[in-house]
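# Per-entry structural report
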Amino acid sequence: MTLTFSAAVLRSYESPFTVEDVALHEGPAEGEILVRIAGCGMCRTDLAVRRSAGRSPLPAVLGHEGAGVVAATGGPDTGLRVGDHVVLSFDSCGRCRSCLGAAPAYCDSFAALNLFGGRPEHAARFTDAAGRALAPRWFGQSSFAEYALVPARNAVRVDPALPLALLGPLGCGFLTGAGAVLNTFGIGPGDTLAVLGAGAVGLAAVMAATAAGARTVAVDRHPARLALAERFQALPLSAATADLPGRLRQLTDGGPQFALDTTASAPLINDALRALRPTGRLALAARLHTALPLEPGTLDRGRTLSHLCEGDAVPALLIPRLTALWQAGRFPFDQLIRTYPLSAVNDAERDCEAGHVVKPVLLPPGNDPFPAAPATPPVQREPT
Ligand SMILES: [Zn+2]
Ligand SMILES: [Zn+2]
């Protein structure tokens, strides 16, 4: 079979996305599913491809926060059926020590599978309209498109009553922030947390910490972002505050036990470490692009610093927890989202880079994020 559908293709590291027809030349193999995408979040990691210095191959269909409806399955072993609603998350091998130890974000093959070309044996299955190969699926999915062919192990079935088109960011950005709080830190009532950077990851952390009964201070340069953090019960603190560590200690009764950095700013990281309580823990969610100089004393008294990936999450465990919190009104992630038609992918990128939107979600043609009636089963396009 060949399935032709529209997708946003990045053809060079400098050029805008082009929305064009692409083709899948095989249906799902064993263990795979074909998903009709209802919506796909745009994440910083998609945009970082432009700065990957050629390591992420192009032309490619990016997008790794997809959610949609299963349109076909590669056999019963997928555990999914046509019509199931799924959120797609990152790819992992399922066989290495990390995967077997319930830490798929630290899969030995994480970079290869997600960032640098996917599974090369699959390359020929995915082409542009002229038959030229596209890069193998990005993050196991390539969801800036009407359809994505994905390993079933990366798909998490969700309640069909949920607003499917908006759920994709639960597979990466919101997963990372909430996972840092609920998994990495295991935050509970009365705990204190500093969040550096109130973007999609930071605000998801704020919401999760509030849901867990913790007290959070959100640090950011932008008043609008601080106002959002305040809406989700964080204490706002300008990054330009004089004596930031002292002020953080004041607001957290002697210093936060936990801090999450989403900024990769060395001065902010040093300030947060200095503010932490003894044995406090700082996790870096952002990728550092330069050396990180640590000032003397910042790691004294049992403080620890580590990098975390994908919120230390097993997506099949954390995503249902987050949707349950949303249903209870305690994780209102939808308030961080602005939707764009897939054809406006370049507007979404511009707004995201300018900080005008926390989390863009791209909607392929025919998807309304707020349908009046329950979602209907997918209509399969005739194979051409
Ligand atoms: Zn693995
Ligand atoms: Zn991401």
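Please refer to the structure placed before this passage.
Structure report, in brief. (Residues numbered from 1 in each chain as written. Chains lettered and ligands numbered in written order. Predicted model: local features only at pLDDT ≥ 70, side-chain atom pairs only at ≥ 80, totals over all residues. Heavy atoms only, no water.)

## Thoughts on the coordination of the zinc ion (ligand 1)
- For the zinc ion (ligand 1), the full set of protein donor atoms is Cys 93 (SG), Cys 96 (SG), Cys 99 (SG) and Cys 107 (SG), and the range of their distances to it is 2.3 to 2.4 Å.
- One can describe the site at the zinc ion (ligand 1) as tetrahedral: its four donor atoms subtend angles covering 104 to 116° at the metal.
- Counting the intervening residues between successive donors of the zinc ion (ligand 1) yields the motif C-x2-C-x2-C-x7-C.
- Owing to a relative accessible area of 14%, Cys 93 belongs among the buried residues under this scheme. (Donors = N, O, S within 2.8 Å, 3.2 Å for Na, K, Ca; no water. Tetrahedral: all angles 85-135°; square planar, octahedral: opposite > 155°, others 65-115°. Buried < 20%, exposed > 50% of the residue type's maximum accessible area, 1.4 Å probe, protein only.)

## Things to note about the pairing of strand 17 (residues 359–363)
- Where burial is concerned, most of strand 17 is hidden: five out of the five residues are buried.
- Taking every second residue as pointing to the same face, both faces of strand 17 are buried, with Lys 359, Val 361 and Leu 363 on one and Pro 360 and Leu 362 on the other.
- As judged from the two bridges shared by strand 3 (residues 32–41) and strand 17, these two strands associate in the antiparallel manner. Along strand 17, the bridge assignment pairs Cys 40 with Leu 362.
- By the bridge criterion, five bridges tie strand 16 (residues 337–341) to strand 17 in an arrangement that is parallel. Within strand 17, the position partnered with Thr 339 by the bridge is Val 361.
- Taken together, strand 16, helix 10 (residues 345–353) and strand 17 form a β-α-β motif whose crossover is right-handed. (Helix = DSSP H or I, 4+ residues; strand = E, 2+ residues; numbered from the N terminus. Pairing = 2+ DSSP bridges. Right-handed = clockwise from strand over helix to strand, strands pointing away.)

## Digging into the coordination of the zinc ion (ligand 2)
- Taken together, the protein ligands of the zinc ion (ligand 2) are Cys 43 (SG), His 64 (NE2) and Cys 172 (SG), with distances of 2.1 to 2.2 Å.
- Expressed as a motif, the donor residue spacing for the zinc ion (ligand 2) is C-x20-H-x107-C. Separated by 21 residues along the polypeptide, Cys 43 in the loop between strand 3 and helix 1 (44–48) and His 64 in the loop between strand 4 (60–61) and strand 5 (65–73) bring together distant segments of the chain.

## A closer look at the pairing of strand 3
- Taking burial as the measure, the 10 residues of strand 3 include nine buried ones, the bulk of the element.
- Where strand 3 and strand 8 (residues 147–151) come together, five bridges link them in antiparallel fashion. In the strand pairing of strand 8, Arg 36 is matched with Tyr 147.
- The pairing of strand 3 with strand 5 spans eight bridges and is classified as antiparallel.

## Details of the nonpolar core
- Core analysis: the largest hydrophobic core is formed by 112 residues, its most contacted members being Phe 144, Leu 167, Phe 174 and Phe 331.
- Of the residues forming this core, the biggest block, nine residues, is contributed by helix 5 (residues 200–211). (Core = buried A, V, L, I, M, F, W, Y, C linked by side-chain atoms within 4.5 Å.)

## Here's the deal with the environment of Val 69
- Residue position: Val 69 is located in strand 5.
- Sequence-wise, Val 69 and Leu 134 are 65 residues apart; in three dimensions their C-alpha atoms are separated by 23 Å.

## Side note on unusual backbone geometry
- Across the junction of Leu 58 and Pro 59, the peptide omega takes the value -5°, indicating a cis bond.
- For Pro 59, the position within the fold is in the loop between helix 1 and strand 4.
- With a phi angle near 65°, Arg 301 is a residue other than glycine that sits in the positive phi range.
- Tracing the sequence through the fold places Arg 301 in the loop between strand 14 (281–284) and strand 15 (304–307).
- Since its relative accessible area comes to 61%, Arg 301 is described here as exposed.

## Brief notes about the sheet that holds strand 13 (residues 258–261)
- Judged by pairing direction, the sheet is parallel, and its six strands sit side by side in the order 12-11-10-13-14-15 without closing on themselves. Sheet topology places strand 12 (235–238) and strand 15 at the edges, where each strand pairs with a single neighbour. Taking each pair of neighbouring strands and ignoring which way they run, the sheet shows an average axis angle of 20°.
- Strand direction decides the pairing type here: strand 10 (residues 192–196) and strand 13, joined by four bridges, are parallel. Residue pairing in the sheet places Leu 193 in a bridge with Phe 258 of strand 13. (Axes fitted to C-alpha atoms, helices over the stretch in contact; angles between N-to-C directions.)

## Examining the sheet that holds strand 4
- Read from one edge to the other, the open sheet built from four strands follows the order 4-1-2-7, with strand pairing classed as antiparallel. The sheet terminates laterally at strand 4 and strand 7 (126–128), the two strands that pair on one side only.
- As paired strands, strand 2 (residues 18–24) and strand 7 are joined by three bridges and run antiparallel to one another. Bridge assignment links Ala 23 to a residue of strand 7, and that residue is Thr 127.

## A short note on the pattern of salt bridges
- Inspection of every chain in the model, using the stated rule, returns 15 salt bridges.
- For Asp 351, the salt bridge goes to Arg 350, with nearest N and O atoms at 3.3 Å.
- Because the salt bridges share partners, they merge into one network encompassing Arg 11, Glu 20, Asp 128 and Arg 132. (Salt bridge = Lys/Arg side-chain N within 4 Å of Asp/Glu carboxyl O.)

## Observations regarding the packing of helix 4 (residues 173–184) against helix 9 (residues 315–327)
- Between helix 4 and helix 9, whose axes approach to 11 Å, the crossing angle comes to 95°. The orientation of helix 4 relative to helix 9 falls into the category roughly perpendicular. Of the residues in helix 9, those touching helix 4 at Phe 174, Leu 175, Ala 178, Gly 179, Leu 182 and Asn 183 are Pro 315, Leu 318, Ile 319, Arg 321 and Leu 322.
- When grouped by side-chain class, the residues that make up the contact of helix 4 with helix 9 number eight nonpolar, two polar and one charged. (Parallel < 35°, antiparallel > 145°, perpendicular 65-115°, else oblique. Contact = heavy atoms within 4.5 Å. Nonpolar A, V, L, I, M, F, W, Y, C, P; charged D, E, K, R; others polar.)

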